[in-house]
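Structural description and commentary
Each chain, letter by letter, is given below.
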Amino acid sequence: MTMSTPAFEVRDLTVGYGDVSVLRGLSMKVEPGQLVALIGANGAGKTTLLRTVSGLLRPTSGAIHLDGQPIQGEAPHRVVQSGFVQSPEGKQLFLGMSIRENLLVGAHNPRAKAVRDTTLAEVFALFPILEERQALPASSLSGGQQQMVAVGRALMAKPKVLALDEPSLGLAPIMVDRLFQSIVRIRDLGVTVLLIEQNVFKVLQMADYGYVLENGAISLQGSGAELLADSHLRSTYLGM
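My aim in this report is to walk through the structure given alongside it, one point at a time. This is a predicted model, so every value here is computed, not measured.

A look at unusual backbone geometry
The phi dihedral of aspartate 67 is positive, around 55 degrees, even though this residue is not glycine. At asparagine 215, a position not held by glycine, the phi torsion is positive, near 55 degrees. According to the relative accessible area criterion, asparagine 215 is exposed, its value standing at 64%.

Structure (structure tokens):
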């Protein structure tokens, strides 16, 4: 049987700040078309992992592959061009610019720019409210709608792997539900998704696979259903 090449893979990754190691031999992979959850407490190393993959930090050792090609140590813009695109925690929009302008910022790499209009139509189909209000400044939107812009901007870069960092943070429950429904639709459209999220129960309900990051290393992994049934995860993250 022929094994497919993972869309994204980290092998034995060690990353630190000075003499302090934050990630310790971390290994994980995301198969093409999967929605994979990465969960863990604050300080577990989730943001350090994203910063390293995105080229903002250099690993001490280990390898990072995208579609089978090494990307560790690449400059951030090269990582985006390769297809690993992150929607960062906190949205980081240009609030004085229009919604449309914020979205188009995402399509700056040559691969994305060539199909910019088609991708914009796809984003508007996913988030109709953004099309209705595209001429308004991003500051006019609610927190949930601003998060839609942040996700849409990342999609404009034509990701092979879309990494979402705490997208539900600070949102009202109804907006969390709508956002997660949109993330499932993005997966169903064929985009591989790595979802970093503190809303453990909801994210594992919809994830194809999940990893639990504790003290810089993977402590648990399995399908969403398997992790939800794990006694350690239930007591530590769900208070059950």
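Observations regarding the pattern of salt bridges
Here the structure, examined in full by the defined rule, presents seven salt bridges. In this structure, lysine 202 engages aspartate 177 in a salt bridge whose closest nitrogen and oxygen atoms are separated by 2.8 Å. Taken together, the residues lysine 202 in helix H9 (residues 200–206) and aspartate 177 in helix H8 (residues 173–188) connect sequence positions 25 residues apart. Residue classification places aspartate 177 among the partly exposed residues on the basis of a relative accessible area of 33%. One salt bridge connects arginine 187 with aspartate 208, and the closest N-O pair in it is separated by 2.9 Å. Taken together, the residues span a long stretch of sequence, with arginine 187 in helix H8 and aspartate 208 in the loop between H9 and strand S9 (209–214) at a distance of 21 residues. Note on aspartate 208: relative accessible area 32%, which makes it partly exposed.

Here we look at the environment of asparagine 42
Looking at the element boundaries, asparagine 42 is found in the loop between strand S3 (35–39) and helix H1 (46–53). It is 8.9 Å that separates the C-alpha atoms of asparagine 42 and glutamine 198, two residues lying 156 residues apart in sequence. Here the side chain of asparagine 42 touches glutamine 198 through a polar contact of 2.6 Å, side chain to side chain.

Here we look at the packing of helix H5 (residues 116–126) against helix H7 (residues 143–156)
Between H5 and H7, the shortest axis-to-axis distance is 9 Å and the interhelical angle comes to 150 degrees. One finds that H5 runs roughly antiparallel with respect to H7. Seen along the crossing, H5 lies across H7 with a hand that is right-handed. Residues Arg116, Thr119, Leu120, Val123 and Leu126 of H5 touch H7, and the partners they reach there are Gly152, Leu155 and Met156. Counted by class, the contact of H5 with H7 contains five nonpolar, two polar and one charged residues.

A look at H7
Spanning 14 residues, H7 covers 20 Å between terminal C-alpha atoms, matching the ideal 20 Å at 1.5 Å per step. For H7, the tally of buried residues reaches 13 of 14 residues, placing the bulk of the element in the interior. One or two steps after H7, the chain reaches lysine 158, where phi turns positive at roughly 55 degrees.

Overview of the environment of serine 54
Within the element layout of this structure, serine 54 appears in the loop between H1 and strand S4 (61–66). A relative accessible area of 12% places serine 54 in the buried class. Sequence separation between serine 54 and valine 30 is 24 residues; the distance between their C-alpha atoms is 16 Å.

With respect to the sheet that holds strand S7 (residues 161–165)
Pairing between the strands of a sheet comes from backbone hydrogen bonds, and it takes one of two forms, parallel or antiparallel. Spatially, S6-S7-S8-S3-S9-S10 is the arrangement adopted by the six strands of the open sheet, whose pairing is mixed. One side of each edge strand has no neighbouring strand; the edge strands of this open sheet are strand S6 (84–87) and strand S10 (217–222). Pairs of neighbouring strands in the sheet enclose a mean axial angle of 20 degrees, with direction left out of account. Pairing of S7 with strand S8 (residues 192–196), which is carried by five bridges, proceeds in the parallel orientation. Within S8, the residue paired with alanine 163 across the bridge is leucine 194. Sheet strands in contact with H7 are S6 and S7, and its direction is about 170 degrees off that of S6.

About the thresholds
Residues numbered from 1 in each chain as written. Predicted model: local features only at pLDDT ≥ 70, side-chain atom pairs only at ≥ 80, totals over all residues. Heavy atoms only, no water. Buried < 20%, exposed > 50% of the residue type's maximum accessible area, 1.4 Å probe, protein only. Salt bridge = Lys/Arg side-chain N within 4 Å of Asp/Glu carboxyl O. Helix = DSSP H or I, 4+ residues; strand = E, 2+ residues; numbered from the N terminus. Polar contact = N/O pair within 3.5 Å; in protein donor to acceptor, adjacent residues only side chain to side chain. Axes fitted to C-alpha atoms, helices over the stretch in contact; angles between N-to-C directions. Parallel < 35°, antiparallel > 145°, perpendicular 65-115°, else oblique. Left-handed = near helix turned anticlockwise from the far one by under 90°. Contact = heavy atoms within 4.5 Å. Nonpolar A, V, L, I, M, F, W, Y, C, P; charged D, E, K, R; others polar. Expected span 1.5 Å × (residues − 1). Pairing = 2+ DSSP bridges.

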